[in-house]
Amino acid sequence: MPKFCVAPFYILDIKPDGSCWICCEQWLPKPLGNINENTLDEIWNGETARSIRKSILDGSFRYCSNIQCPALSSGNLDHITEFNEEEKILILDRNVPKDSRIEVTSPHSETPITDYIRNRFPGQINLSYDHSCNLQCPSCRTKVTMVNEGPEFDRIKRMHDNVIQTLFNEPHDHSITINVTGSGDPFASKVYRDFLFNFDPSSWPNVKLGIQTHGGLLTPVTWARISQWHKKIEYIKICFDAATKDTYKIVRKGGNWDQLMLNCEFLNDQMEYNDFFGIADFIVQDHNFKEMPAFAELFLTKFKNFRYICFYVVNNWGTWSSEEYEKRAIWKESHPQHKELLEVLKHPIFKNKKIILGSFDSMITV
């Protein structure tokens, strides 16, 4: 059965310069357009987006990175029915009839994916245009970045206001998840924080919220400030990159491990009473790879209400020289400790269904 990826039919990622991507730019490095220059409809339904979607339908995935994309490298993709040429045109035109035989199934989504390929609106928009964060993680930045005032703040605020006005200029019933944020931390950013604290989403019944954070600022007090969103939160994704306090100090410079543990305990309890799920992320590098089993154990025992435990290969976001990145990229066969990583991956804990190894799946040897 042919393989399928829903991302180009579902996700729009908006970066600080206004450029828009249909997936993570490291996984599918081809921009669609710019929100400062093009309308949302021009970006989402334009020729570039159409070409990328065509590459999914013809099975070539020619715009995608076979190495960086965890779903492609692990073969963990969705399945589709065999489409004829007429049906492919219907999909590309986002004009699939309700009674069509076209069907897309996925073990990863509770929403029928066929609904996504009918929609001329993104199913998820990642607000990734503010890099503000109170941490200085070496894999991400060389200094703390806080944009709270001045010309750069004004530019980001104008872009944000444009995006929000486009999405919420009037009540609608589109199913859409707003993900905040893949670029920094939503509670360190004044732009995102003001949006989350003050925007009332009640007029948009099918709008959901995804929170992507380092977790240190998502305290019970912060949680209370976003009470109008509680019933609309789809997931909370927390990126740890460590299973111990000592390693956390290295990979999450400026972070507070003890506060993070308290916050996760609180959120784990909230998952008992609210309809959202948790995701624990771990970006693997030479400093932390030996803690992969311990990290999995932490979320299978102490924070067991989290639904997924995800591991990713480390990327170079421009903060490291090529030489430094080679030292960090433990996933590469050329790395002197790569064989040690392969031994770590033999741990039986990784057989648990909650764990998503992504690109590391193909490295496991029995």
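Counting of residues starts from 1 at the beginning of each chain's written sequence and follows it residue by residue. For this predicted model, a pLDDT threshold of at least 70 governs which residues receive local features, and a threshold of 80 or more governs which side-chain atom pairs are given and counted, while totals over whole chains, interfaces and linings are taken from all residues. Only hydrogens and water are set aside when side-chain values are computed; all heavy atoms of the structure are taken into account.

Enquirer: Go over the overall build of the protein chain with me, naming the residues and quoting the values.
Expert: Each helix and strand counted, the protein chain has 13 helices and 13 strands in total. For the protein chain, the proportion of its 366 residues judged to be buried stands at 54%. By definition, residues are in contact when any of their heavy atoms lie within 4.5 Å. Summarising the internal contacts of the protein chain: among those between residues at least 6 apart in sequence, 69% fall at separations of at least 24. Just so you have it, the protein chain exposes about 16800 Å², and 49% of that area is on carbon and sulfur atoms. Strands here are runs of E lasting at least two residues and helices are runs of H or I lasting at least four, both read from the DSSP assignment and numbered beginning at the N terminus. When a residue's accessible area, from a 1.4 Å probe over protein chains only, is under 20% of the maximum for its type it is buried; when over 50% it is exposed; and in between it is partly exposed. Using a 1.4 Å probe, accessible areas were evaluated by the Shrake-Rupley method; residue-level cover was limited to the displayed protein chains.

Enquirer: I'd like a rundown of unusual backbone geometry, residues and numbers included.
Expert: Residue T181 follows V180 across a cis peptide bond; omega there is 5°. Mapped onto the secondary structure, T181 falls in the loop between strand 8 (176–180) and helix 7 (190–198). The backbone of F61 shows a phi angle near 50°, a positive value even though the residue is not glycine.

Enquirer: Explain the nonpolar core residue by residue, including any values.
Expert: As used in this record, nonpolar core signifies buried Ala, Val, Leu, Ile, Met, Phe, Trp, Tyr and Cys residues forming a set joined through side-chain atoms within 4.5 Å. Within the largest apolar cluster, 106 residues are counted, with the highest numbers of intra-cluster contacts made by M292, F311 and F360. Counting 5 residues, the second-largest nonpolar core is a separate cluster that includes Y235, F277, I279 and C310.

Enquirer: Provide a residue-level description of the sheet that holds strand 2 (residues 11–14), including the pertinent values.
Expert: Any two strands with at least two DSSP-identified bridges between them are counted as paired. Strand order across the open sheet formed by 10 strands is 4-3-2-7-8-9-10-11-12-13, with mixed pairing between neighbours. Single-partner strands in this sheet number two, and they are strand 4 (33–34) and strand 13 (355–356). As paired strands, strand 2 and strand 7 (residues 124–127) are joined by 4 bridges and run parallel to one another. When the sheet's bridge partners are listed, I11 is paired in strand 7 with Q124.

Enquirer: Provide a residue-level description of the environment of I309, including the pertinent values.
Expert: Mapped onto the elements, I309 comes out in strand 12 (residues 306–313). Classification of I309 as buried rests on a relative accessible area of 0%. Distance from I309 to K354, taken between C-alpha atoms, is 6.0 Å for residues 45 residues apart in sequence. For I309, the contacting residues outside a window of four places in its chain are A280, F295, A296, F299, L300, K354, I355 and I356.

Enquirer: Residues and numbers for the packing of aromatic side chains, please.
Expert: Aromatic contacts are taken between Phe, Tyr and Trp rings whose centres are within 6.5 Å, Trp giving its six-membered ring; a plane angle under 30 degrees counts as stacked, one over 60 as edge-to-face, and the others as tilted. All told, the structure shown has 25 aromatic pairs when counted by the stated rule. Each ring, one from F168 and one from W204, has its centre 5.0 Å from the other, and the planes form 75°; the classification is edge-to-face. Here the residue F168 occupies a position in helix 6 (residues 150–168), and W204 occupies one in the loop between helix 7 and strand 9 (207–213), the gap between them amounting to 36 residues. With a relative accessible area of 8%, W204 lands in the buried category. Summarising the aromatic geometry, the rings of F195 and F199 are spaced 5.2 Å apart at their centres and angled 35° between planes, so their arrangement reads as tilted.

Enquirer: Requested: an account of the environment of Q228, with residues and values cited.
Expert: One can find Q228 in the loop between helix 8 (220–225) and strand 10 (233–239). Under the relative-accessibility criterion, Q228 is labelled partly exposed at 26%. Residues Q228 and F197, 31 residues apart in the sequence, show an inter-C-alpha distance of 8.3 Å. Contacts described as polar in this section are N or O atom pairs within 3.5 Å, which, within protein, must combine one atom able to donate a hydrogen with one able to accept it, while residues neighboring in sequence count only if both atoms come from side chains. From its side chain, Q228 meets the backbone oxygen of L196 in a polar contact 2.8 Å long. A distance of 3.0 Å separates a polar side-chain atom of Q228 from the backbone oxygen of F199.

Enquirer: Break down the pairing of strand 2 for me, with residues and values.
Expert: Remember that side chains alternate between the two faces of the sheet whenever the strand is regular. Taking every second residue as pointing to the same face, both faces of strand 2 are buried, with I11 and D13 on one and L12 and I14 on the other. When strand 2 meets strand 3 (residues 19–21), the two strands line up antiparallel, connected through 2 bridges. Following the sheet pairing, D13 is matched in strand 3 by W21. With antiparallel pairing between neighbouring strands as the criterion, strand 2 and strand 3 make up a hairpin whose turn holds 4 residues, including G18 at a positive phi of roughly 90°.

Enquirer: Explain the side chain of H214 to me, and be specific about the residues and the numbers.
Expert: Tracing the chain through its elements places H214 in the loop between strand 9 and helix 8. Separated by 2.8 Å, the side chains of H214 and N134 make a polar contact. Beyond its immediate chain neighbours, meaning those up to four positions away, H214 contacts C133, N134, L135, D185, I238, C239, Y248 and L260.

Enquirer: Describe the pattern of salt bridges, and please don't skip the residues or the numbers.
Expert: Salt bridge, as used here: a side-chain nitrogen of Lys or Arg that lies within 4 Å of a carboxyl oxygen of Asp or Glu. Scanning the model with the defined rule gives 14 salt bridges in all. The salt bridge partner of E152 is R155, with a shortest N-O separation of 2.8 Å. A residue pair is termed a helical-turn pair when its members lie 3 or 4 positions apart in one helix, as E152 and R155 do in helix 6 at 3 residues. Between K332 and E326 there is a salt bridge; the shortest N-O distance is 2.7 Å.

Enquirer: Give a detailed account of the side chain of T177, specifying residues and quantitative values.
Expert: Mapped onto the secondary structure, T177 falls in strand 8. A distance of 2.6 Å separates a polar atom in the side chain of T177 from a polar atom in the side chain of E234. Leaving out residues up to four positions away in the same chain, T177 has contacts with Y10, G123, Q124, I125, K208, L209, G210, E234 and Y235.

Enquirer: Mind laying out the packing of helix 6 against helix 7, listing which residues take part and the relevant values?
Expert: A fitted line through C-alpha atoms represents every axis, and for helices the fit uses only the stretch in contact; the resulting angles, taken between N-to-C directions, go from 0 to 180 degrees. In contact at an axis separation of 10 Å, helix 6 and helix 7 are set at 35° when each is read in the N-to-C sense. In the packing of helix 6 onto helix 7, the handedness of the crossing is right-handed. On helix 7, the residues touching F153, I156, K157, H160 and I164 of helix 6 are K190, V191 and F195. In terms of residue class, the contact of helix 6 with helix 7 is built from 5 nonpolar, 1 polar and 2 charged. Crossings are classed by handedness, with left-handed meaning an anticlockwise turn of the near helix from the far one by less than a right angle and right-handed meaning a clockwise turn. Nonpolar residues are Ala, Val, Leu, Ile, Met, Phe, Trp, Tyr, Cys and Pro. Charged residues are Asp, Glu, Lys and Arg, and all others, Gly as well, are polar.

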